[in-house]
Number of protein chains: 2
Amino acid sequence: MTELTTTRLPRGFRAAGVACGIKDGRTPDLGLLVCDAPATTSAARFTRSGTQSAPVLLCRERCDLGGIRAVVVNSGNANAATGLPGLDDAAEMQGAAARAVGLEPESVAVASTGVIGVPLPVDRVRAGIESAAAQLRDDGEADFADAIRTTDAFPKRASVEVSLRGGPVRLSAQAKGAGMISPGFATLLCFVQSDAAMSAETCDLLLGVTVKRSFERVSVDGQLSTSDTVVLQCSGESGVAIDPETEDELRFGEALDSVLRRLALQLVRDGEGARRVGRVVVRGGDPEAVESVARSVANSALVKTALYGGDPNWGRIVQAVGMTLPGTAPLPVDVTIEGVSVCSRGAAVPHDPAALAAAVAREEVEYEVGLPGEGAETELFFSDLGHDYVSLNAEYTT
Amino acid sequence: MTELTTTRLPRGFRAAGVACGIKDGRTPDLGLLVCDAPATTSAARFTRSGTQSAPVLLCRERCDLGGIRAVVVNSGNANAATGLPGLDDAAEMQGAAARAVGLEPESVAVASTGVIGVPLPVDRVRAGIESAAAQLRDDGEADFADAIRTTDAFPKRASVEVSLRGGPVRLSAQAKGAGMISPGFATLLCFVQSDAAMSAETCDLLLGVTVKRSFERVSVDGQLSTSDTVVLQCSGESGVAIDPETEDELRFGEALDSVLRRLALQLVRDGEGARRVGRVVVRGGDPEAVESVARSVANSALVKTALYGGDPNWGRIVQAVGMTLPGTAPLPVDVTIEGVSVCSRGAAVPHDPAALAAAVAREEVEYEVGLPGEGAETELFFSDLGHDYVSLNAEYTT
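Bear in mind the structure is a predicted one, so any value in this text is a computation, not a measurement.

A separate point is the overall build of chain A. The helix and strand inventory of chain A stands at 11 helices and 17 strands. Out of the 398 residues in chain A, the part that is buried amounts to 62%.

Residues and elements named next belong to chain A. Put simply, helix α7 (residues 287–298) and helix α9 (residues 315–324) touch, their axes get as near as 8 Å, and they point 135 degrees apart. When the interaxial angle is binned, α7 and α9 end up oblique. With respect to the hand of their crossing, α7 and α9 are arranged in right-handed fashion. Contact residues: α7 offers Ser-292, Val-293, Ser-296 and Val-297, while α9 offers Ile-317, Ala-320, Val-321, Met-323 and Thr-324.

Among all residues except glycine, the phi angle is most often negative; among peptide bonds, the trans geometry is most common. Of the consecutive residues Ala-329 of chain A and Pro-330 of chain A, the connecting peptide bond is found in the cis state with omega at -5 degrees. Within the element layout of this structure, Pro-330 of chain A appears in the loop between α9 and β13 (334–337). With a phi angle near 45 degrees, Asn-79 of chain B is a residue other than glycine that sits in the positive phi range.

This part is about the relation of the copies chain B and chain A. Relative to chain A, chain B is turned by 180 degrees and slid 0.0 Å along the rotation axis, the superposed coordinates differing by an RMSD of 0.0 Å. In symmetry terms, the pair is related by a two-fold rotation axis. Minimal C-alpha separation from the rotation axis in chain B is found for His-387 of chain B, amounting to 2.8 Å. A shared binding surface is used by both copies, with 98% of the interface residues of chain B retained as interface residues in chain A.

The strands that make up a sheet are held in pairs by hydrogen bonds between backbone atoms, and each pair lies either parallel or antiparallel. Residues and elements named next belong to chain B. Across the sheet, four strands lie side by side as β2-β3-β5-β6; this open sheet has mixed pairing. With one partner strand each, in any of the chains shown, β2 (13–18) and β6 (108–115) form the two edges of the open sheet. Within the sheet, the average angular offset between the axes of one strand and its neighbour, ignoring direction, is 10 degrees. Here helix α2 (residues 83–101) sits on the sheet in contact with β3 (30–35), β5 (70–77) and β6, set at roughly 130 degrees to β6.

Tyr-389, Val-390, Asn-393 and Ala-394 of chain A are the residues of helix α11 (residues 387–395) of chain A that are buried. The buried residues of α11 of chain A occupy one face: seen down the axis, they fall within an arc of 110 degrees. On the buried face of α11 of chain A, the contacting elements are α8 (301–309) and α11 (387–395) of chain B.

Facing 61 residues of chain B, the contacting portion of chain A comprises 60 residues. Here the side of chain B that touches chain A is composed, by residue class, of 29 nonpolar, 27 polar and five charged.

All names here are of chain B. Strand order in this open sheet of six strands is β1-β7-β8-β9-β11-β4, and the pairing throughout is mixed. In this open sheet, the two edge strands, each paired with only one partner strand, are β1 (2–3) and β4 (41–46). Across nine bridges, the pairing between strand β7 (residues 156–164) and strand β8 (residues 167–176) is antiparallel. When the bridges of β8 are listed, Lys-156 appears paired with Ala-175. Strands β7, β8 and β9 (189–194) of the sheet are contacted by helix α6 (residues 247–269), whose axis makes an angle of about 165 degrees with β7.

Right, let's talk about the packing of α2 of chain B against helix α3 (residues 122–134) of chain B for a bit. Residues and elements named next belong to chain B. Two elements in contact, α2 and α3, have axes whose closest approach is 9 Å; the angle formed by their N-to-C orientations is 20 degrees. In terms of orientation, α2 lies roughly parallel with respect to α3. The crossing of α2 and α3 is right-handed. Along the contact surface, α2 presents Asp-89, Glu-92, Met-93, Ala-96, Ala-97, Ala-100 and Val-101, while α3 presents Val-122, Val-125, Arg-126, Ile-129, Glu-130 and Ala-133. A per-class count over the contact of α2 with α3 returns nine nonpolar, no polar and four charged.

As a further point, take helix α1 (residues 54–62) of chain A. Of all the positions in α1 of chain A, only Ala-54, Pro-55, Val-56, Leu-58 and Cys-59 of chain A are classed as buried. Looking at the buried side of α1 of chain A, the elements it contacts are β4 (41–46), α2 (83–101), β6 (108–115) and β11 (229–234) of chain A.

All names here are of chain A. Summary statistics for chain A give a mean pLDDT of 88 and a share of 94% for residues scoring 70 or more. When mean pLDDT is compared element by element in chain A, helix α3 (residues 122–134) scores highest at 97, while strand β10 (residues 218–219) scores lowest at 73. For residues 183–187, every residue scores under 50 in pLDDT, and the model assigns this stretch 27 contacts once sequence neighbours within four places are set aside. Among the prediction metrics, the complex's ipTM stands at 0.76, with pTM recorded as 0.79.

The next thing to look at is the domain arrangement of chain A. Per the domain assignment, the segments making up chain A are domain 1 (2–269) and domain 2 (277–395). Look at where the C-alpha atoms of domain 1 of chain A and domain 2 of chain A centre, and you get two points 33 Å apart.

Inspection of the secondary structure puts Arg-62 of chain A in helix α1. Remark: the alpha-carbon pair of Arg-62 of chain A and Gln-94 of chain A, spanning 32 residues in sequence, is separated by 9.7 Å.

All names here are of chain B. Here Asp-257 shows up in helix α6. Asp-257 gets classed as partly exposed once you count the C-beta atoms within 10 Å, which come to 17. Residues Asp-257 and Val-369 lie 112 residues apart in sequence; the distance between their C-alpha atoms is 25 Å. Excluding its chain neighbours within four sequence positions, the residues that come into contact with Asp-257 are Thr-210 and Arg-213.

How each quantity is defined
- Residues numbered from 1 in each chain as written.
- Chains lettered and ligands numbered in written order.
- Predicted model: local features only at pLDDT ≥ 70, side-chain atom pairs only at ≥ 80, totals over all residues.
- Helix = DSSP H or I, 4+ residues; strand = E, 2+ residues; numbered from the N terminus.
- Buried ≥ 20, exposed ≤ 12 C-beta atoms within 10 Å, placed from the backbone.
- Axes fitted to C-alpha atoms, helices over the stretch in contact; angles between N-to-C directions.
- Parallel < 35°, antiparallel > 145°, perpendicular 65-115°, else oblique.
- Left-handed = near helix turned anticlockwise from the far one by under 90°.
- Contact = placed C-beta atoms within 7 Å.
- Least-squares fit on C-alpha atoms with pLDDT ≥ 70 in both.
- Pairing = 2+ DSSP bridges.
- Arc of directions from axis to C-beta.
- Nonpolar A, V, L, I, M, F, W, Y, C, P; charged D, E, K, R; others polar.
- pLDDT = per-residue confidence, 0-100.
- Domains from an automatic or database assignment.

In C-alpha cells, the structure reads:
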C-alpha cells in the first residue's frame, strides 16, 4: 500500500466544492461528488440516533444504497429536527443534484452537517448544486473536502494505492468531524471512493468491518450525532475486480481499514478545542465490561480535563472504571499510564511522579486498564476537554 | 415545617471540625459527629461504584448500619484505590474515633473525600480525631460542615423543625459535593441528624425514598464517585416517637425530603465552576426511556456548554434525546425551553429568538422534553460546563 499526496480522485470520480451562501457566502459549504461509471457499486452506514436528520432519513428510504452514483453535501446546516418540510428540502436537494448530473434521484445520496433545527435555505443549495456541477473535476477532491467542514480546524483526507493481483487500485476518502463524535456507529461524514470493481455486497461487508474498527473507536465528546453518514463508492474503472474471500479482498480491506483509521484519528486530533489525544486500552474476561469501561474512561469529563491539563490523575481512571461496573466492589483493577504501573489490583503502586508527569504531557497519552479475566480487549481514542471546547460550544451556535 | 438558622444540632448530637494537616494545616479537614443517646437508630446508603473507597467498604462490612452513633470524616484524601493498606487505615480511623468518644468501633461510620490513590496520612487523622473529640459541641454543626468540604465553594447545611402529634422534632443535615456528582444513588457525602425517635427500619425506609428523590436527581459531571455516603441518625432525645404508617411518619418524611432536595440543589448550584442550573423534565409513556433521556440531556457536554454560554441551542437537546433512543427515528419529540415551544413532533417551531435568548440567560433554565406516550415523568437538575470546571479539573489534582 502506497500513500499518495495527489488530490486527483480514483478513476471514474469527479468532485467540486463551492460557497452557496449557507455560511457567510465566501466559505465553501456545498460539495458534490459524482462517479461517471454506470456500474458503480456502493455501501453506506448511518447514525443510530432516534432523531436522525432529514438527509439520513431520506437516504435510508429513497436511495439505492448499493448503487450510489453521486453524493451532495452541505455544511452549516444539519437539516435536522426540521420535520416534513426538512424531508421535502432534502428530497429537493437530491432531485436538484440528480438533474444537474443527469442521474436518477435514488442514485444520489444527500448529507447535511451544521446547526440543528434551522430550515435549510434550499434555494441557495439548488443554485450551489448547479454551480458545483459545472465545476466537477477529477482533481476536485480538496475542494470537496473543504466544503464539508464545520468546526473542523483542517480538512481530513487520505489517498492510497494498493497493488492487487490484477493491478493497482486507488482509494480516496474525505471526512469531517470535530463535535458530536462518539463511538457507536458512524459518527461523522465520510466519503470513500475507489476505482476497484466489486459487488455491492462486498462493499457493504468491507465498509461494515472497517467502520467498526475506525469511527466506532473514537470519541470527542460522547455525543452521537443526528447526521452521521459514511458512503463507500467503487467505480470499477481500474478494471481490477475484487472477488469475495480472496487475497485481494483482504488486501483491499486492509487498505480501507488503514485509511479509515487514519481519518478517525484525525477526527480525534481535531476534536473541538483538543490539545492532546488519549488512547485507552482495556483488557479483561468480559467483552461487554471491557467495552463499557473503555467508553466510560474516554467520555469522563474528569479524565478528559486531566488529559488536557497534563495531570497524571489516575484516580479518575479508577473512578470511571468503578462507575460502569456497579456491584463489583472491591474490583481488582490495574491501571498503567504510558507504561508506568500506577494501580495494581485496586491499590496504588509507588512510582516516580515526575517521570509520569512528563509522560502525560506528551501529545498522545496511553492508558491501559486491566480487569479480571482474559480474552477480551478493546481500544478507544479520545480527545481532551479544554477551554477551547467550552469556548467553541458556549460562545457559538454550532 | 419551620426553617431554622441555628447551628445548634438536634438534641443528643455534638460535632466538631478541625484542621489535622491533610490539606495545608490551616483548612479544616477532619469532622467528628457523635450522638450521645444510647438508643440511636440510623440508616445509610453508599455509592454503587465497583471501585468503592476503603471507608465505604469498611462501613458496609464492619458497621452496624442501623445503630451508627458517630461519624468521622476527612476531606482532602478519599482513601480510595489504596488496597488493603487503605482498609487498614480506614479501620484505624474508625478505631481511633471509637476510643476517643467511648464507643464500639462498629457504631462509628467512616467517610473520606478528596484525591484518589494517595495513602491516608493516618497519624495526622488520629491526632485530628483526638483534637476534634475534645472540641465536640452541640453548636458544632458549622465547623463539621466546613471540615467535610473539598472543592465546594460554600458549606451546605439545612436545619428545620417539624411539628408532630407528640411535639416538635428537629432535623439537620450537612453535605458536600462539587465534582464526581451523577444521578445513580448516593453521589456525595451527607450526614443527617434528628432528635425524633424511630426504628432503624423506619430510618432506612425514609432515607431510601428521599435519597431517590434528591441526590439521585442531580448531576454535575455525570461521574459516579468512589466515596458517596449518606447517613441518617435519630437520637430520640425529643421524646417524640414516629411510628410506621402514621401521619407523623409522612410529615417527617416530607421534611426529610425537603431538606435533602434543598441540599441536592445546592450541590448542583455549587457544581465545579457552575454558573447556571438546568432542570430537565421528561414526559412520555416508557419510564426507562424517560429516565435515560433525562440523563442523556443532563450529561451532554454540548447541552451543558450551551447552558453555560446562555445559548438557546435546542438542537443539542434533540440530539441528546435521539442518541439515547436508537432505532426510533423519526422520533416525534417535543422540546420546550422556559415555557417556549421550540420543537414539536420533531420539527422546529417558529419562536422569538430574542425572548428565548433572554430566558436562557437566567440563573435557572427549564427544559421540557415530550416523548411519545403518557404516564411517566422525571426530572433532573444539572450544572453547566464552563471554563472554571476545566480550570479546576485540569490545573489542580482534585
